[in-house]
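Architecture at a glance
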Amino acid sequence: MIRKFVGAVASTLAVLAGLWLMIAPWALGSQPENRDWTDITTTEFWTGLGVAVVGLAGAISFALAIYEELVVRGAVVVKPRRVEPEPEPEIVPAAPPQASSAELAALLAPLVEALREDMNRTDRAGGEHRQNGRTTLVGMEENR
C-alpha cells in the first residue's frame, strides 16, 4: 500500500514537472515576446507535454490501484448498482376477428367482375388502356 502511495505522489510530481517545463520558457523570459518559438522553447514545451502525459497516466493508474486495495481491505464499501426492473410488456388489445375466406371472396367478387369486363372491352380507341380524357403514359410512350 505504501509503494502505491509513493508511486501516486511521484506521478503527481511528474505531472507538475511536465507542466513547469511547458511554461518555463515564458516564465523565465528565454522566449522573446511576439516572436516565433525558438528551438529551446519548442524542445522544452514538447518534452514537458510528454512528461505531463506519462505522469498523468501513472497518477491515474496508482489512484485506481489504491482504490482497489482499499476495497479489498474493506475500507471502502462499493455500493451495488441498482438493477432497473424491466418494463412490463404493454398489453396489446386483441386483433379484431379476421374475415373468413368466403367473406373475402364475396367482397372481392364485384371488383374482380368489373376488372374482367374492363379488360374485355373492345371499343378502345388507339389501343389505350384507359379512357379518362387524357393521354395515358402508355399512349405517350407510343407517340415518341
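Structure: see above.
Quick look at the structure, then.

A few words on the overall build of the protein. Along the backbone of the protein there are four helices and zero strands. For the protein, the sequential pattern of α-helices and β-strands runs α-α-α-α. Per-residue burial for the protein yields a buried fraction of 14% across its 144 residues. Nonlocal contacts in the protein, meaning residues at least 24 apart in sequence, comprise 52% of its contacts between residues at least 6 apart. Of the accessible surface of the protein, which amounts to about 12600 Å², a share of 63% is contributed by carbon and sulfur atoms.

The first and last C-alpha atoms of helix 3 (residues 101-120) sit 27 Å apart over 20 residues, in line with the 28 Å expected at 1.5 Å per residue. Maximum bend of helix 3: about 40 degrees, positioned at L108, with proline P110 one to four residues after it.

Here the focus is helix 2 (residues 39-73). The terminal C-alpha atoms of helix 2 lie 51 Å apart, and with 35 residues this matches the ideal 51 Å at 1.5 Å per residue to within 8%. Burial in helix 2 covers these residues: T41, F45, G48, A52, G55, G58, A59, I66 and E69. On its buried side, helix 2 packs onto helix 1 (2-27). Within two residues after helix 2, G74 carries a phi angle of roughly 90 degrees, on the positive side.

What the rule picks out here adds up to three aromatic pairs. Ring geometry for F45 versus W46: centroids 5.2 Å apart, planes at 90 degrees, classification edge-to-face. Given a relative accessible area of 52%, W46 falls into the exposed group. Put simply, the rings of W26, W37, F45 and W46 touch in pairs and so form one group of aromatic residues.

Along the polypeptide, Q31 turns up in the loop between helix 1 and helix 2. With a relative accessible area of 6%, Q31 lands in the buried category. Here R35 takes part through its backbone oxygen, which lies 3.5 Å from a polar atom of the side chain of Q31. Polar side-chain contacts of Q31 include one of 3.2 Å to the backbone nitrogen of T38. In contact with Q31, other than residues within four places in its own chain, are P25, W26, D36, W37, T38 and T41.

Parameters and conventions
Residues numbered from 1 in each chain as written. Predicted model: local features only at pLDDT ≥ 70, side-chain atom pairs only at ≥ 80, totals over all residues. Heavy atoms only, no water. Helix = DSSP H or I, 4+ residues; strand = E, 2+ residues; numbered from the N terminus. Buried < 20%, exposed > 50% of the residue type's maximum accessible area, 1.4 Å probe, protein only. Contact = heavy atoms within 4.5 Å. Areas by Shrake-Rupley, 256 points an atom, 1.4 Å probe, with all protein chains shown as cover. Expected span 1.5 Å × (residues − 1). Bend = angle between axes of the 7 residues up to and from the residue. Phe/Tyr/Trp six-rings, centres within 6.5 Å; stacked < 30°, edge-to-face > 60°. Polar contact = N/O pair within 3.5 Å; in protein donor to acceptor, adjacent residues only side chain to side chain.

These figures capture arrangement, not role.
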